[in-house]
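# Observations on chain architecture
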Amino acid sequence: MNDVLGISGLESVYEDELRGKDGVETITRNSDGVIVDTKLTTVPEPGHTVQLTIDSNFQRAVDKALAENIDMINRVYNTGTMKAAAGAVVVLDVKDGSVLAASNYPSYDQNLYAANYSEYSSDPSLPLFNRALQGLYTPGSTFKPAVAVAALDSGLINQYSTVYCNGVYNYFKDYHPRCTRHGHSGNIDVVTAIKWSCNIFFYDVGRRLTSDVYDAYAYKLGLGQRTGVEVSEAVGRLTTKSDSNYTASLDVQAAIGQGNTVVSPIQLATYAATLANNGTRYRTHFVKAILDTNTGEVLSETKPEVMDVIEGTGNTFELVRQGMRQVPSTISGKISSYPVPIACKTGTPQRSETYAPGKHYLNAMMVAYLPADDPQIAIGISIEYGGYGARTGDLVVDIANAYFALKDGSLAQQAEAEKEAEQAQQEDQAQTTEPSTGRCRPDHRQCRSPACTDDTRRRHRCAGNGSRRGSPACRAGRAAARRRHRAEPRCHCAGELKTGDKTDTGKGTAAGF
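Every value quoted in this text rests on a predicted model; they were computed, and no experiment measured them. (Residues numbered from 1 in each chain as written. Predicted model: local features only at pLDDT ≥ 70, side-chain atom pairs only at ≥ 80, totals over all residues. Heavy atoms only, no water.)

## Focus: the overall build of the protein chain
In terms of helices and strands, the protein chain carries 16 helices and 18 strands. Looking at the 513 residues of the protein chain, the share that counts as buried comes to 46%. Counting contacts in the protein chain only where the partners sit at least 6 residues apart, residues at least 24 apart contribute 66% of the total. (Helix = DSSP H or I, 4+ residues; strand = E, 2+ residues; numbered from the N terminus. Buried < 20%, exposed > 50% of the residue type's maximum accessible area, 1.4 Å probe, protein only. Contact = heavy atoms within 4.5 Å.)

## Things to note about the packing of aromatic side chains
Inspection of the entire model under this criterion finds 13 aromatic pairs. Ring geometry for Tyr-169 and Tyr-171: centres 6.3 Å apart, planes at 15°, overall stacked. Their ring planes at 55° and their centres at 5.2 Å tell us that Tyr-355 and Tyr-361 sit as a pair that is tilted. Taken together, the ring pairs in this structure connect Tyr-169, Tyr-171, Phe-172, Tyr-175 and Tyr-203 into an aromatic cluster. Cation over ring: Arg-207 sits above Tyr-171, and NZ or CZ is 3.6 Å from the ring centre. (Phe/Tyr/Trp six-rings, centres within 6.5 Å; stacked < 30°, edge-to-face > 60°. Lys NZ or Arg CZ within 6 Å of the ring centre and 35° of its normal.)

## Focus on the pattern of salt bridges
In total, this model carries 13 salt bridges according to the counting rule given. For Asp-373, the salt bridge is made with Arg-325, and the minimal N-O distance between the two is 2.3 Å. Of this pair, Asp-373 sits in the loop between strand S15 (364-370) and strand S16 (377-384) while Arg-325 is found in helix H12 (residues 316-326), placing the two residues 48 residues apart along the sequence. By sharing partners, the salt bridges in this structure join Asp-204, Arg-207 and Arg-208 into a single network. (Salt bridge = Lys/Arg side-chain N within 4 Å of Asp/Glu carboxyl O.)

## Side note on the confidence of the model for the protein chain
Of the residues in the protein chain, 82% reach a pLDDT of 70 or more, and the chain-wide mean stands at 85. Here residues 433-475 scores under 50 on pLDDT; set against residues more than four positions off or in separate chains, the count is 80 contacts. Throughout residues 480-512 the model reports pLDDT below 50, and contacts reaching past four residues in sequence, or to other chains, amount to 54 contacts. (pLDDT = per-residue confidence, 0-100.)

## Things to note about a nonpolar patch on the surface
The grouping of Tyr-113, Tyr-117 and Leu-128 at the surface amounts to a nonpolar patch, some 260 Å² of accessible area in total. By the element assignment, Tyr-113 lies in the loop between strand S5 (99-105) and helix H4 (117-122). (Patch = residues over 30% accessible without salt bridge, like charges linked within 9 Å, V, L, I, M, F, W, Y side chains within 5 Å. Areas by Shrake-Rupley, 256 points an atom, 1.4 Å probe, with all protein chains shown as cover.)

## Considering helix H9 (residues 211-221)
Three or more residues of H9 are buried, namely Ser-211, Tyr-214, Asp-215, Tyr-217, Ala-218 and Leu-221. When H9 is viewed along its axis, its buried side chains cluster within an angular range of 165° and face the same direction. Along its buried surface, H9 packs onto helix H6 (144-153), helix H8 (199-209), helix H10 (248-254), helix H11 (265-276), strand S8 (280-282) and H12. One or two steps after H9, the chain reaches Gly-222, where phi turns positive at roughly 115°. (Arc of directions from axis to C-beta.)

## Some details on the nonpolar core
Formed by 110 residues in total, the largest nonpolar core has its most connected members in Phe-58, Val-91, Phe-286 and Ile-379. Setting aside chain neighbours within four positions, we find Val-91 in contact with Phe-58, Val-62, Ser-98, Val-99, Leu-100, Ala-101, Ile-377, Ala-378, Ile-379 and Ile-399. (Core = buried A, V, L, I, M, F, W, Y, C linked by side-chain atoms within 4.5 Å.)

## Regarding empty space enclosed by the protein
Taken as a whole, this structure holds one cavity of 30 Å³ or more when the rule is applied. Taken as a whole, the largest cavity holds about 50 Å³ of empty space. For the largest cavity, the full set of lining residues is Leu-92, Asp-93, Val-94, Gly-97, Thr-270, Ala-273, Thr-274, Asn-277, Tyr-282 and Thr-284. Put simply, the parts of the chain that give the lining of the largest cavity at least two residues each are strand S4 (86-93) and H11. (1 Å grid on protein atoms, 1.4 Å probe; cavity = no way out; pocket = protein on both sides within 12 Å on 5 of 7 lines; lining within 4 Å. Points joined across faces, edges and corners; volume = space filled by probe spheres on them.)

## Some points on the sheet that holds S16
Judged by pairing direction, the sheet is antiparallel, and its five strands sit side by side in the order S5-S4-S16-S15-S12 without closing on themselves. Since the sheet does not close on itself, it has two edges, and those belong to S5 and strand S12 (343-347), each with one partner. Across the sheet, the axes of successive neighbouring strands diverge by a mean angle of 5°, strand direction being ignored. Where S12 lies against S15, five bridges are found, and the strand directions are antiparallel. Within S15, the position partnered with Thr-346 by the bridge is Met-366. (Pairing = 2+ DSSP bridges. Axes fitted to C-alpha atoms, helices over the stretch in contact; angles between N-to-C directions.)

## With respect to H12
Side chains that are three or four residues apart share a direction in an α-helix, a result of its 3.6 residues per turn. Taken together, the buried positions of H12 are occupied by Thr-316, Phe-317, Leu-319, Val-320, Arg-321, Gly-323 and Met-324. In the core, the buried residues of H12 are packed alongside H6, helix H7 (190-196), H9, H11, S12 and S15.

## Notes on the side chain of Arg-391
Of note, Arg-391 is situated in the loop between S16 and helix H13 (393-408). Notably, Arg-391 is buried but unbridged: the nearest opposite-charge side chain belongs to Asp-394, and the N-O separation is 11 Å. Here Gly-386 takes part through its backbone oxygen, which lies 3.0 Å from a polar atom of the side chain of Arg-391. Every residue in contact with Arg-391, bar those within four places of it in the chain, is listed here: Asn-69, Met-72, Ile-73, Tyr-77, Asn-78 and Gly-386. (Lys, Arg positive; Asp, Glu negative; His and termini not counted. Polar contact = N/O pair within 3.5 Å; in protein donor to acceptor, adjacent residues only side chain to side chain.)

## Overview of the environment of Tyr-355
Inspection of the secondary structure puts Tyr-355 in strand S13 (residues 350-356). Classification of Tyr-355 by relative accessible area gives exposed; the value is 52%. For the pair Tyr-355 and Met-82, spaced 273 residues apart in the sequence, the C-alpha separation amounts to 9.2 Å.

## Examining the sheet that holds strand S9 (residues 287-291)
Spatial strand order, S3-S9-S10: three strands in an open sheet with antiparallel pairing. In this open sheet, the two strands that pair with only one neighbour each are strand S3 (49-52) and strand S10 (298-301). The average undirected angle you get between the axes of adjacent strands in this sheet is 25°. Across four bridges, S3 lies against S9 in antiparallel orientation. Across the sheet, Val-50 pairs through a bridge with Ile-290, a residue of S9.

Below, the structure is given as structure tokens:
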């Protein structure tokens, strides 16, 4: 009667594991109704613990990086009325398909979900919408590596095949799609076509392949179908000849990731991981293991599961990965000089809305994996109204930095320091401004008692470097001082007796999806 049920997401999927079993207590009464005996006839059993593949610190770092990238796009590029207001990022472990982070922007505070549900649900920016799994976006040029794999593996082209790019594709009499010729012109091979995102190359190769062929490869790579995650996800679709609006020219548009094709960010990350794995696609998943709640014993563990394989003839994936590795050199910003080699492909698909005749708003898309030589993580990114996909290059680097910090342990330390600094700032704001007759003792630096006044705090300086007390370094220093302060049983501050607080050094994990 008082049970809590998981009604959505992973809590719903794993309800049987999480629930446990009720106990039974047998009560015996005499003829007068008086209880004469009670026995626990069935011992209650706690539910199991569902351990996720997501690291809470890494998730927060990716959340922050996504929000900062959207803010940068709006400050630097989208200076008009239309702003980049939403996006999603998914990061996978290339080796087994586990989800390391799945970020949505905007998002919401899960602790306030019940209290603020009406506000969240009526927000036009849709913070409750899980764009990472449910959002469907035209992939744009991120689709081109799939077409390259199809063309190479089917034998339509090889590493020496070229297509002449003069900026206009003139195969059709009444339809002449264009290419920006950014960084390239003339005879273009597949590696150069991926590097510079040559539309003419993929128009021609896509037309000769037809959507029947390159769609088959795209499906095997993870696009337009379920990734295998334990929760609900949007399937999306690819452009096919059975589409009601199909024409021969639609094949060339779909070959550059336009047409009717729509995919999700988690599909993009799965696709990037499959390219990194030379055609082996693992089932994407959120759950790492089921644990015994009492002992922590691993009861079951999610093993890597191969969902599909493209064998690849000759140097198919080597050439595609070679082209993707050269893409960062064409992007301005941190990604072009990052010390760890990154392989990526940008996408700049058109939205249906226009801001001038023939001028469409654009989404910013990106697929990436790194390190390029020995891939560990794969990334799928979508930013609505973000403009050119290259604008997400710094976001890829920020995610890479967070990942390597996760691996060497510094991310957890950084998260703890930020938490302490935030706590220090909140405590400072909670201080009163009542007059004081004394100061904190020097060995305690700063006390949280009301006797420590603003006047006292203004005279406070960080020890050793002379930083003003408002700086992050100072706040972190004072947080450490408070920890020492609380560890002592008592503190005499300005004549006031204060019992030291206990600090909670336990670690917890964030809830996932």
